[in-house]
Each structure stands twice: as C-alpha cells, then as structure tokens.
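Understanding the architecture of this molecule
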Amino acid sequence: VYLVALLSNGLIIAAIACDRRLHTPMYFFLLNLSLLDLGSISTTVPKSMASSLWDIRAISYAGCAAQLFLFLFFISAEFYLLTVMSYDRFIAICKPLHYETLLGRKACVNTTAAAWGGGFLHALLHTANTFSLPLCQGNILDQFFCEIPQILKLSFSNSYLREVGLLVFTLSITSGCFVFIVLSYVQIFRAVLRIPSEQGQHKAFSMCLPHLAVVSLVISTGMFTYLKPPSISSPTLNLVVTVLYSVVPPAMNPLIYSMRNQELKHAIRKVI
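Computed from a predicted structure; not experimentally measured.

**Describing the UniProt feature "signal peptide" (unreviewed entry) in the chain**
According to UniProt, the positions carrying the feature "signal peptide" (unreviewed entry) are residues 1-17. Secondary structure across residues 1-17 divides into 94% helix and 0% strand, with the first and last C-alpha atoms of the span separated by 24 Å.

See the structure below:
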C-alpha cells in the first residue's frame, strides 16, 4: 500500500508539474493534495514497517511528538484543502463565467497557503497541549503510530480536560467545513441536474463524486476514532478504523481522481 501511494502520488505530481495544460486551479489543488498525501502516509507507515521488520517496538518521546505533529499537520491541511477543492468545483460548475475572476492565480495560492497554515496551527496546538499532560499510566501505545486518543489513555483521568476542550473546538471547525462542503455539493448537484446533455452530467458527476467519497471517508473514520465511546473500543477495531483514515486515503486518492480524468491519464502516460 505504501509503495502504491508513493508511485501514484509521485506520478500525479510529476504529470501536473510537467504538463502545461494542467496548470489550472483544479490541478494545482490536486498537486498539493498529493504532496499532503505523501507526507501523511510517510509519517506513519515507514516507522511501522521498520518496527515490524526488525521487531523494534520503541519510539523516543521526541520522535513520538514529532510523529504526532507531522501527522496532524498533513491530515488537517488535507481536510482544509478538500474544503477549498469543493469551493473550486462549485465555482467551476455553478459560476463558470466567473471562474477566472474568483479563482485566479493569487486566490489559488492564498487559499492553498491558508490550508497549509491552518494545518500547521492545528497540529501545533494539539501537540503542545497533548505532551504538556503528565503521562503516568505506563508507556505502551496500543496503535502502530502515536495518536492522540492513545496518548490520552496514559494520562491522569482528570488531566486531559484541556485536550477534550481543544478537540471540541476542532470538531466545531471540522463541522463547519463539512457543512460548507455539503452545501457546495447541494448547489453543484442542482446545477448538474439542469444540464441538458447526459454527457455533460456524466462529466460533472465524475469530477465531483470522487471528491465527495474521499471527504466522507476521512470525516467518518476520523470522527469515529476521536469520538467513539470507550465501551466499543477494541485493539482490532481501533487498528482498522485508523488504517481507514490514515493509510487508505493517501493510497486511493490518486486512483480516485485520475480514474475518469482523461487529461490527467494522458499526462501520466507521457511521464511514464
């Protein structure tokens, strides 16, 4: 899975960078999405692979903090970027005549920088707050990488209220982004259904449905990981859900976005 993620995301980055016809806002966002996917999966999987191959189950305190920060940074920035991409699809389909005005080069750079910056601040807040807690319940994490719910289990039961409050704040921002994405797609689907030709509808749906599928997978599995009650928690369930939101999307995103995109497939073939 890791090799598939490396190869597919690397091909998309190379294809978009080398083909001038793909120097448009949609592909600019897709290039940044591939960079974030490479970063997120490279933060967790290589360490897990090394632990399995050499049977070394330890990670340093600083290494754990760095891994948590980088993973939160990439995964948060990716979600904010997916929100920006839904706005891009909304403008492209519902207001095509204003596309160049609303999403020019400067606007694309600014919104992408805001997504990366938002991910950085989100990761910094959670990492600093999580590792400021006194950890007294041992040093065993029941997961293949350093994850906030597993670290909180090592702290005093009454000392992680600050992190819970921060998680609630993050949840409110995430919910706001999700509502924005849903409203964007409601408008998109209404506009698509008014397109007279079936070919036009098919092209519009093929552009939007993959994006919506990726967003739904990331949100549902991520929220389940952080909000599930302890009564339904088990090592196997935790592992499966964590893999679904941390490993599967970086490997599947390139396949989902390029499956029905003839321009991108042609550019990838040229790169190969």
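**Focus: the nonpolar core**
Core analysis: the largest hydrophobic core is formed by 53 residues, its most contacted members being Ile16, Leu30 and Leu264. Within the residue set of this core, elements represented by two or more residues are α1 (2-18), α2 (25-54), α3 (61-94), α5 (105-130), α6 (148-152), α7 (161-193), α8 (198-227) and α11 (262-271). Of the residues forming this core, the biggest block, 17 residues, is contributed by α3. Every residue in contact with Ile16, bar those within four places of it in the chain, is listed here: Leu22, His23, Tyr27, Leu30, Leu31 and Leu264. Among the nonpolar cores identified, the runner-up in size contains 11 residues, and Tyr2, Ala5, Phe71 and Phe145 belong to it.

**Concerning the state of the cysteines**
For the structure shown, the criterion picks out 1 disulfide. Across a sulfur-sulfur distance of 2.1 Å, Cys64 and Cys146 are joined as a disulfide pair. Between Cys64 and Cys146, the S-S dihedral sits near -130°, and the bridge is therefore left-handed. Placement of Cys64 in helix α3 and of Cys146 in the loop between α5 and α6 is noted, with a sequence separation of 82 residues between them. Both residues of the pair, Cys64 and Cys146, count as buried. Considering cysteine sulfurs only, Cys64 is the nearest to Cys136, which forms no disulfide, with 16 Å between them.

Calculation notes
- Residues numbered from 1 in each chain as written.
- Predicted model: local features only at pLDDT ≥ 70, side-chain atom pairs only at ≥ 80, totals over all residues.
- Heavy atoms only, no water.
- UniProt positions renumbered as here; feature names shortened; annotations may be inferred.
- Helix = DSSP H or I, 4+ residues; strand = E, 2+ residues; numbered from the N terminus.
- Core = buried A, V, L, I, M, F, W, Y, C linked by side-chain atoms within 4.5 Å.
- Buried < 20%, exposed > 50% of the residue type's maximum accessible area, 1.4 Å probe, protein only.
- Contact = heavy atoms within 4.5 Å.
- Disulfide = S-S within 2.5 Å.

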